[in-house]
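If you want the building blocks of each chain, they are given just below.
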Amino acid sequence: VTITTRLLVSHLSGIRHYEKDITKVKEEKEKANRALKLTKPHQDKEQKEKESKGVERTDSVKPKKEHDGEPKSRNSKPGRKEKEFEQEEYYLKEKFESVIESLKIFKNDPLFFKPGDQFLYSTYGFTLLSAVVERASGQKFTDYMLKMFRDLDMLSTVLDDNEAMIYNRARCYVYNKKGRLVNAPYVDNSYKWAGGGFLSSVGDLLKFGNALLYSYQAGQFKNSNGKLLPGYLKPDTVAMMWTPVPKTEVSWDRDGKYAMAWAVVEKNQQYGCCRQQRHYASHTGGAVGASSVLLILPEELHSEAIGTQPVAPPPRGVVVTIICNMQSVSLNSTALKIAREFDKEKQAQ
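Residues numbered from 1 in each chain as written. Predicted model: local features only at pLDDT ≥ 70, side-chain atom pairs only at ≥ 80, totals over all residues. Heavy atoms only, no water.

Considering the overall build of the protein chain
Scanning the protein chain from terminus to terminus reveals ten helices and nine strands. Residue pairs in contact within the protein chain that sit at least 24 positions apart in sequence constitute 66% of those at least 6 positions apart. Taken as a whole, the protein chain presents about 20,100 Å² of accessible surface, with 53% of it coming from carbon and sulfur. (Helix = DSSP H or I, 4+ residues; strand = E, 2+ residues; numbered from the N terminus. Contact = heavy atoms within 4.5 Å. Areas by Shrake-Rupley, 256 points an atom, 1.4 Å probe, with all protein chains shown as cover.)

Examining the pairing of strand 7 (residues 280–287)
With six of eight residues buried, strand 7 lies mostly within the body of the structure. In this structure, strand 6 (residues 263–265) lies alongside strand 7, joined through three bridges in antiparallel fashion. Along strand 7, the bridge assignment pairs valine 265 with tyrosine 280. Sheet topology note: the strand 7/strand 8 (residues 290–298) ladder contains seven bridges and is antiparallel. Across the sheet, threonine 284 pairs through a bridge with valine 293, a residue of strand 8. Where strand 7 folds back onto strand 8 in an antiparallel hairpin, the turn is made up of two residues, including glycine 289, whose phi is positive at roughly 85°. (Buried < 20%, exposed > 50% of the residue type's maximum accessible area, 1.4 Å probe, protein only. Pairing = 2+ DSSP bridges.)

Looking at the pattern of salt bridges
This structure, assessed with the given rule, holds 15 salt bridges. Among the charged side chains, a network of salt bridges with common partners joins Arg16, Lys20, Glu89 and Asp109. (Salt bridge = Lys/Arg side-chain N within 4 Å of Asp/Glu carboxyl O.)

A closer look at unusual backbone geometry
Here the amide bond leading from proline 314 into proline 315 is cis, since omega sits at 5°, within 30 degrees of zero. Here proline 315 lies in the loop between strand 8 and strand 9 (317–324). The backbone of alanine 261 sits at a positive phi, close to 70°, despite the residue not being glycine. Exposure remark for alanine 261: the relative accessible area of 25% places this residue in the partly exposed category. At cysteine 273, a residue that is not glycine, the phi angle is positive and equals roughly 60°. With respect to the helices and strands, the residue cysteine 273 is situated in the loop between strand 6 and strand 7. Assessed through its relative accessible area of 86%, cysteine 273 is described here as exposed.

With respect to helix 6 (residues 141–151)
Buried within helix 6 are the following residues: Phe141, Thr142, Met145 and Phe149. For helix 6, the buried positions fall inside an angular range of 95° around the axis, keeping them on one side. Its buried side turned inward, helix 6 meets helix 4 (99–102), helix 5 (123–137), strand 1 (158–159), helix 7 (193–196) and strand 4 (198–199). Of the residues flanking the end of helix 6, it is aspartate 153, one or two places downstream, whose phi is positive at about 65°. (Arc of directions from axis to C-beta.)

Looking at the side chain of serine 291
Take serine 291: it is sitting in strand 8. Within polar-contact distance, the side chain of serine 291 engages the backbone oxygen of methionine 326 at 2.7 Å. Among the polar contacts listed, one links the side chain of serine 291 to the backbone nitrogen of serine 328, at a separation of 3.3 Å. Those residues in contact with serine 291, other than ones at most four positions away along the chain, are Gly285, Ile322, Ile323, Cys324, Met326, Gln327, Ser328, Val329 and Leu331. (Polar contact = N/O pair within 3.5 Å; in protein donor to acceptor, adjacent residues only side chain to side chain.)

Any functional reading would require information that these geometric values do not contain.
Written out as structure tokens, the structure is:
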């Protein structure tokens, strides 16, 4: 078979995630699909009732589970995503000197399906992707990424290295089996730098989100006066990254599809005077003792207004990020509500 970088970045490669048993993965997928079929008719009915009463759907529908965990309270029962954190490989303590070396964890394991046929979120797919970056760039992957973070002015984004002294590094927490808050267990994330091995701050993630949003919108503005600098990425590159890929799915947002390292919801309105779906991109993150989300809601730019003066330059939209030093906290729906409130306020001005 052939595995391309596009398949890796969209989780269509067939490479396993933390679960090694393909039978268990298939069973979990079948359970999720059955649950979705059972809940969708009820949600659609509830949606129509709420819309007829002028109430937004987001006030009545429970948030979807995130790819790395559902919020767990002291009285909650363990769900599918809590069980994911029972996988032994989440708690590796071995130090890997390079991303090439860390490939040994899964390189001899069989693929779960033919590449391109199905979607399976895979942290190890991104480990292989980091090895591709290392070979293509001719630089050590971690050095390459740290240079990129400097270019983006993300000076607080560093490797999650246990031995290094990192200013303002937060402690991470989990609930134990008795429902008590305890320190997260020791892990070494050197086996998955690309899939969950960096520490950052909300300020840095906002810079990252705005850099992407600027790159995405820069090509839509006329640059007759030469004052508009190019984006860090080409507009077409970001547009490609934010274009849904067929056969993908998103566990933390039922409106979305997976694109290239991003979950994307496309602009859509099926009926007049009914629910409008805005275009936005997001991604959640979950690790031992930590949860996060970055959501980008681009402003809807009207072509007749772009290029006229005066007009505010890009980035135009809302960027929301939340970092929580707590395991299995669902954050995507909260970030979307915050983004919508800021967007609503701006439109009212």
